[in-house]
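Observations on chain architecture
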Amino acid sequence: MSAIQTIPINWYLLLSVVLFTIGVLGVLFRRNAIIIFMSVELMLNAVNLLLVAFSSYLSDSKGQVFVFFIMAVAAAEVAVGLAILMSVYRNSKSTDINDLSRLKG
Amino acid sequence: MITLLLIFFPLVAALMLLMVKGEQVKKVALAAAIIEFVISIAAVVQFQHNADTQFEFNKPWIQSLGISFHVGMDGISLLLVLLTAFLVPIIILTSFKKTYKNPTAFYSLILAMQFALVGVFVSLDGFLFYVFWELALIPIYFICLLWGAEDRARITFKFFVYTLAGSLLMLAGFIYLYQHTANHTFDIAEMYAAGQSLDIVHQGYVFWAIFMAFAIKMPVFPFHTWQPDTYTTSPTQGTMLLSGIMLKMGTYGVIRWLLPVAPLGVEHWAHLAITLAVIGIVYTSCIAIVQKDFKRLIAYSSIAHVGLIAAGILAGNTQGVQGAMIQMISHGVNVVGLFFIVDMIQSRLGTRDLSVLGGIRNLNPQFAVLFLIILLGSVALPLTNGFVGEFLLINGVYQYNAWLAAFAGLTVILGAVYMLRSYQSIMLGETNAVTAVFPPLEGYEKAVLFIICAAIIVFGVYPKPLLEISEPAVVKLVDNFRTAIGK
Amino acid sequence: MIKLIWLVPLLPLIGFLIIGLFGKKLSKSLVGIIGSGVVLGAFGVSLGIFLQLAEGAEQSTTIDLFNWISAGKLSIPFSFLVDPLSSLFLLIITGIGFLIHLYSTGYMHDDEGFSRFFAYLNLFIFFMLLLVLGSNYLIMFVGWEGVGLCSYLLIGFWFKNTAYNNAAKKAFIMNRIGDLGFLLGIVLIYVTFGSISYHDVFEQAKSLATGTPVLTAITLLLFVGAMGKSAQLPLYTWLPDAMAGPTPVSALIHAATMVTAGIYMIARSNILYTLSPDTMAVVAVIGVCTALFAATIGLAQNDIKKVLAYSTVSQLGYMFLALGVGAYTGAVFHVMTHAFFKALLFLGAGSVIHAMSGEQDIRKMGGLKKYIPITHFTFLIGTLAISGFPGFSGFFSKDEILAHAYEHNKVLWLVGVLTAGMTTFYMFRLYFLTFKNTFRGTHEQEHHLHESPKSMTIPLVVLAILSLVGGLVGIPEVLGGHHFLEEFLAPVFDDSHFRLVHHLSHETEYILMGVAISVMALAIYFAYKTYVTDKKLPAAEGDELQPVHKLVYRKYMIDELYEAVITKPLNFIGEGLHKVVDNQIVDGLVNSCGYVVNGVSGVIRKAQTGNIGFYVFVMVISIVLILFTQLF
């Protein structure tokens, strides 16, 4: 029994739900693109946490493989996302998403 | 292997051509096209005169979906490959004095087009056929868009979307058939079996889905309205590719796919489809009579000719289909000749308006004679290539329905009306201010016209070599069709 | 000799190729020699074949050259049939063809298109020979359309003149109307009999009952073709216009050979026609109507070639009358004699025009007898022959036709006799106005009057002799002859003839002849009285004419009628289809698809507010909803 299993699975579940919800609410209610971005990362990591926990509890390493994938993708996403944000900021001098409505139909 | 060579040689040539710059590019492109023609002649020489598919090549491509790279040629395919290989060098040659901007791209696109066209004619896998079918649209789209005349953006866009919409229906039809194959494969034999196992109603759906794609491509009335505009605005070589070869994709498709895949559907709906085609013949001929723009006139006349081909194929008898085969070749040759004549007149005099031309015969009798021969081929005078096909086609349609044949036969009269009318307004009479100076023919122009006229007469007097190539395959196909519909 | 039959069409083809390809580099005399020589060669071979057949060689030989078209069960060899009928036509075509070639070397001598002319003529002979030599209907059709092409080229020979070009185009298109009928007839023959070779078709047809509907359909369709080519009502109007071509062309193509192709076709298919009495009736009625109709127009024309043109239409009508009453030999006989005297008359007219420096209006001629004696004399023979003067060729052939017509239906006979009278009248009117009295042209023309060169007069003399004695091959029994032609052609017509037995008593035949001769004599008398004794002249251009006369003079306004009923509506329909149906309706439907897509997306795009917060909110809500539907 590893250290991680000393804590009941429910706590992990609860923690990741809280984190995920914070992330969702952050995306929904904040207007600053960077904060939205951070909230998205929060959601991803909430899922990561859950995956690792389950992986450990079920002794199945597939969950950890997923986590690595997600981390890799998230890293790439951050790189691209920040680059986009940079150019958005350069163009509009703002990171407020409500200012970015030029694509409306 | 020779099939692979035929398909990929133009592609390789097109890519290599990208490295050539300047005026040299024409010659290289011509050389490549001639080599392709030589290869096709080699295929004809090796071809065994029977109904089997020869020079086959079959390798799995996307195995999980049952798609394979399956190509091969029977007589029907071979004739069309031969037509393509024969016309492309001529089409390239017709542009020898033209100075297009960015010639490298222009000639690469022509060769790329040839790659796709040959692919269409030799594919024995539904998916592969579809891929080549769509692939053929891309080069011609750019040829029309980049080197076309006024208003080309709107017209090529319409052409593109219209034909694409048709192709999509075909894809739907193919996928439907794929779902019904025993092992989920796009292989042609399996798709035939799958189609024939359907009941008459479902074969009817398949018929319409696939026929729409072909009808738009040919085009058959009333799906033709993209055609006159596109033919008129495209650069001459684009028009030649479209009318000489590309529309044969449609007629070929009907023979290769539609008849075997949905015989009951064809049987059930042929009456409507043939009626549409025949209406189209008379309808477009009437319109051609009042055209002032010679290029547009030929565009309309082309719809009339293709209408007869479509009617002959759908009649589903040997004479009709054989007539269609030979007429596809003849029409390809003749229409390229006619469009070249339009181009020669326009590049010399700056206009192709029939109402202002006249008297060119006085200045250049040789040109007049060559034009006359091509014209006679187009109005199907006996001992020209046009007659053989037209006789067989009318014969075929007659066996289906006498009245439709009589109505379709009006093309004999109306064709003479509009062609002679235009010949008279261009060539005969006194010269006028517009036609006062008509520079003599260049060597390459003579070469093109001589080749075309020779083909018109030789295959009018002795069409047997061509008929022989496709006959066994056509007989087999028609027999299978008639067995499937129980006649 | 029969094995050499392929030489007959090949020679003119070679002539055409040589002259057509190298004509510009050859001297005129060489072109003339080649052009005429090849036809003479063909005539020689034809004559040999004819003599062989007359001596009783194999009566029907088919010679296969190569397989032309085949598709499935349909197989059409390029092959020739040599039998009495085709060999007779070979003789007419090559013989008269040669004379006219010879004549043309003189007539066209100063024309810049000399070599082109000979190339076309040779090509025409080639196609005409194919037409009569083919052993199946499609080869006949090849020749049929081919001669149409040559006719087009030769009518529009002087291509700078728009009126001539229009005439040429009209001829081609009207012929094509007929050709469509012919083509459909061929297809129906194939569908019915499974073959289009004469031999197979006729063998099978014999076993069919008289009046079988499909035979009626076939024969009617073929007859439509004949109406176009042989200028019968209602498709005759191209022939008078075709006189725009050089005169030798009018003689060769539009009088002696091409226009009789329709008669050849029906004579060839005689068994089919004999078995379709309904079609026969149609043929006879159309024939006799055409004969009468064209003759009335001929009465009022003033252009020497136009008179002859309408006379040709009328005589062709006569031949169809003969076919329609089952007198196949009579029709072929008349084709032959007509070829002699009509070619003679046209060539004579050409000689007159040549002498008059291009003038064709008979009101401006007169008294030419003393200036151009040979032309005058031969023209007189031609006129007598066409009028059916006893002893001349036309007499025998016309008599044979009228006798059969009488037997068949008295009304047909009556109209036939009436037409014959009119023919005599307008031909003598033409003759008197041209050659008798005094010259009415300008001084310049008078000064220039001269007899034509030998190359032109020799053919005239030869044709005059033929017109004089040509009838001797068909002297009826009643006059103590034995009808050589009938005997010669018997193998071709036997199957029909035993179905159409006819016998007139000798008394009746004598009476019929008497009537015909008296009508002719009366007509000559009236013509003489009007134009020689009273020296009347046709009304000058612009004079007010009486309504009937005016109507006839304007050729019953048939051209105007066709213009109003066919040409204009066709253009109108074309414009309407183009501007309204095609551009507005059909293309409109296509474009409206585009508009619908545009319109719908115009509405839907409103959902794209561009507010990212809103998008995210919708996304989250949707995910929650999906989760709920999946979980509960």
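Because the structure is predicted, anything quoted here is derived from the model rather than measured.

Each helix and strand counted, chain B has 19 helices and two strands in total. The C-alpha radius of gyration computed for chain B amounts to 21 Å, which stays within 12% of the reference 23 Å derived for 487 residues, consistent with globular compactness. In terms of principal-axis extent, the alpha carbons of chain B reach across some 70 × 55 × 45 Å. By residue count, 69% of the 487 residues in chain B fall in the buried class. Across chain B, contacts joining residues at least 24 apart in sequence account for 82% of those joining residues at least 6 apart. In the form shown here, chain B has an accessible surface area of approximately 14700 Å², with 68% of it arising from carbon and sulfur atoms.

This paragraph deals with the overall build of chain C. Helix and strand counts for chain C come out as 25 helices and two strands. Overall, the C-alpha framework of chain C stretches about 120 × 65 × 55 Å when taken along its three principal axes. Taking all 632 residues of chain C together, the buried fraction comes to 59%. Sequence separation of 24 or more characterises 81% of the internal contacts of chain C that already satisfy a separation of 6 or more. In the form shown here, chain C has an accessible surface area of approximately 23600 Å², with 68% of it arising from carbon and sulfur atoms. Averaging the positions of the 37 positive and the 39 negative side-chain charges in chain C gives two centres separated by 9 Å.

With that settled, the discussion passes to the interface of chain C and chain B. Residue-level contacts link 54 residues of chain C with 56 residues of chain B. Taken over both partners, the interface formed by chain C and chain B buries close to 4900 Å², and the fraction arising from carbon and sulfur atoms is 70%. In terms of surface lost to chain B, no three residues of chain C exceed Trp68, Phe159 and Arg176 of chain C, which account for 13% of the buried area on that side. Inspection of the region where chain C meets chain B yields one salt bridge. Salt-bridge contacts for Lys158 of chain B lead to Asp587 of chain C; the nearest nitrogen and oxygen are separated by 2.6 Å. On inspection of chain C and its partner chain B, the count reaches 17 residue pairs in polar contact (both at pLDDT 80 or more). Elements with a minimum of two residues in the side of chain C that touches chain B: strand E1 (61-71), strand E2 (74-82), helix H4 (114-133), helix H5 (137-155), helix H6 (162-193) and helix H24 (558-604) of chain C. The element that contributes the greatest number of residues to the side of chain C that touches chain B is H6 of chain C, accounting for 16 residues. Per-class residue counts for the side of chain C that touches chain B are 35 nonpolar, ten polar and nine charged.

All names here are of chain C. In this structure, Ser46 sits in helix H2 (residues 28-54). Under the relative-accessibility criterion, Ser46 is labelled buried at 0%. Linking Ser46 and Leu91, residues 45 residues apart in sequence, is a C-alpha distance of 5.9 Å. Setting aside residues up to four positions removed in sequence, Ser46 forms contacts with Val8, Leu90, Leu91 and Thr94.

Next up on the list: the pairing of E2 of chain C. Residues and elements named next belong to chain C. With seven of its nine residues buried, E2 lies for the most part within the structure. In this structure, E1 lies alongside E2, joined through nine bridges in antiparallel fashion. By the bridge assignment for E2, Thr61 is matched with Val82. With antiparallel pairing between neighbouring strands as the criterion, E1 and E2 make up a hairpin whose turn holds two residues, including Gly72 at a positive phi of roughly 65°.

What follows deals with the packing of aromatic side chains. All told, the structure shown has 70 aromatic pairs over all chains when counted by the stated rule. Here the aromatic rings of Phe141 of chain C and Phe182 of chain C are separated by 5.4 Å at their centres, their planes lie at 75°, and the arrangement is edge-to-face. Of this pair, Phe141 of chain C sits in helix H5 while Phe182 of chain C is found in helix H6, placing the two residues 41 residues apart along the sequence. One exposure class covers both Phe141 of chain C and Phe182 of chain C, and it is buried. Put simply, the rings of Phe387, Phe391 and Tyr462 of chain B together with Phe66, Trp68, Phe78, Phe80, Phe141, Trp144 and Phe182 of chain C touch in pairs and so form one group of aromatic residues. Looking at Lys398 of chain C, its charged tip hangs above the ring of Tyr318 of chain C, at a distance of 5.5 Å from the centre.

A few words now on the pattern of salt bridges. Opposite charge on two side chains allows them to pair when their charged atoms are near. All names here are of chain B. Under the counting rule described, the total for this entry stands at 16 salt bridges over all chains. Glu442 serves as the salt-bridge partner of Lys97, at 3.2 Å between the closest nitrogen and oxygen. Residue Lys97 is found in the loop between helix H3 (75-94) and helix H4 (103-122), and its partner Glu442 is found in the loop between helix H17 (402-427) and helix H18 (443-461); the two are separated by 345 residues along the sequence. Given a relative accessible area of 54%, Lys97 falls into the exposed group. Taking the relative accessible area as the measure of exposure, Glu442 reaches 33% and is therefore partly exposed. Glu468 is paired through a salt bridge with Lys464; the nearest N and O atoms lie 3.8 Å apart.

By size, the foremost hydrophobic cluster in this structure holds 432 residues, and its most contacted members are Phe214, Phe367 and Phe391 of chain B together with Trp68 and Leu138 of chain C. Here the element with the most residues in this core is helix H15 (residues 328-355) of chain C; it accounts for 18 residues. Val27, Leu28, Ile36 and Leu85 of chain A belong to the second largest nonpolar core, which has nine residues in total.

To characterise two packed helices, one gives the angle between the axes of the helices and the distance between these axes. Residues and elements named next belong to chain B. Relative orientation of the contacting elements helix H12 (residues 294-315) and helix H13 (residues 318-349) amounts to 175°, with a least axis distance of 9 Å. It follows that H12 is roughly antiparallel to H13 by the angle criterion. Along the contact surface, H12 presents Phe294, Lys295, Ile298, Ala299, Ser302, His305, Val306, Ile309, Gly312 and Ile313, while H13 presents Gly320, Val321, Ala324, Gln327, Met328, His331, Val335, Leu338, Phe339, Ile341 and Val342. Of the residues contributing to the contact of H12 with H13, the split by class is 14 nonpolar, six polar and one charged.

A comparison of contact numbers over the two pairs of chains in contact places chains B and C at the top. For chain A and chain B, which are not in contact, the least C-alpha distance works out to 23 Å.

Quick look at the interface of chain C and chain A now. Listed per partner, the contact involves ten residues of chain C and ten residues of chain A. Interface of chain C and chain A: buried area, both sides summed, is about 780 Å²; carbon and sulfur atoms make up 70% of it. On the chain C side of the contact with chain A, Gly610, Ile612 and Val616 of chain C bury the most area, a combined 42% of that side's loss. At the surface where chain C touches chain A, the tally comes to zero salt bridges.

Once that is clear, we can look at unusual backbone geometry. Residues and elements named next belong to chain B. Note the cis peptide between Met218 and Pro219, where omega equals -5°. Inspection of the secondary structure puts Pro219 in the loop between helix H8 (200-217) and helix H9 (226-233). Residue Pro222 is bonded to the preceding Phe221 through a cis peptide linkage, with omega at 0°. Position of Pro222 among the secondary structure elements: in the loop between H8 and H9. For Ala380, which is not glycine, the phi dihedral falls at a positive 60°. Residue position: Ala380 is located in the loop between helix H15 (365-378) and helix H16 (385-400). Judged by its relative accessible area of 3%, Ala380 falls in the buried class.

Moving on, we get to helix H11 (residues 263-289) of chain B. Residues and elements named next belong to chain B. Across its 27 residues, H11 extends 37 Å between first and last C-alpha, which sits within 8% of the 39 Å expected from 1.5 Å per residue. At Trp269, H11 is deflected by roughly 60°, the largest bend along its length. By the criterion of burial, H11 is predominantly enclosed, with 19 of the 27 residues buried.

All names here are of chain B. You can see Asn334 is positioned in helix H13. Owing to a relative accessible area of 5%, Asn334 belongs among the buried residues under this scheme. A distance of 3.2 Å separates the side chain of Asn334 from the side chain of Asn385, its partner in a polar contact. Discounting residues that sit within four places of it in the chain, Asn334 has contacts with Ile374, Gly377, Ser378, Asn385, Gly386 and Ile456.

Cut-offs used in this document
Residues numbered from 1 in each chain as written. Chains lettered and ligands numbered in written order. Predicted model: local features only at pLDDT ≥ 70, side-chain atom pairs only at ≥ 80, totals over all residues. Heavy atoms only, no water. Helix = DSSP H or I, 4+ residues; strand = E, 2+ residues; numbered from the N terminus. Rg over C-alpha atoms; globule rule 2.2 N^0.38 Å. Buried < 20%, exposed > 50% of the residue type's maximum accessible area, 1.4 Å probe, protein only. Contact = heavy atoms within 4.5 Å. Areas by Shrake-Rupley, 256 points an atom, 1.4 Å probe, with all protein chains shown as cover. Lys, Arg positive; Asp, Glu negative; His and termini not counted. Charge placed at Lys NZ, Arg CZ, Asp CG, Glu CD. Buried area = accessible area lost by both parts, 1.4 Å probe. Salt bridge = Lys/Arg side-chain N within 4 Å of Asp/Glu carboxyl O. Polar contact = N/O pair within 3.5 Å; in protein donor to acceptor, adjacent residues only side chain to side chain. Nonpolar A, V, L, I, M, F, W, Y, C, P; charged D, E, K, R; others polar. Pairing = 2+ DSSP bridges. Phe/Tyr/Trp six-rings, centres within 6.5 Å; stacked < 30°, edge-to-face > 60°. Lys NZ or Arg CZ within 6 Å of the ring centre and 35° of its normal. Core = buried A, V, L, I, M, F, W, Y, C linked by side-chain atoms within 4.5 Å. Axes fitted to C-alpha atoms, helices over the stretch in contact; angles between N-to-C directions. Parallel < 35°, antiparallel > 145°, perpendicular 65-115°, else oblique. Expected span 1.5 Å × (residues − 1). Bend = angle between axes of the 7 residues up to and from the residue.

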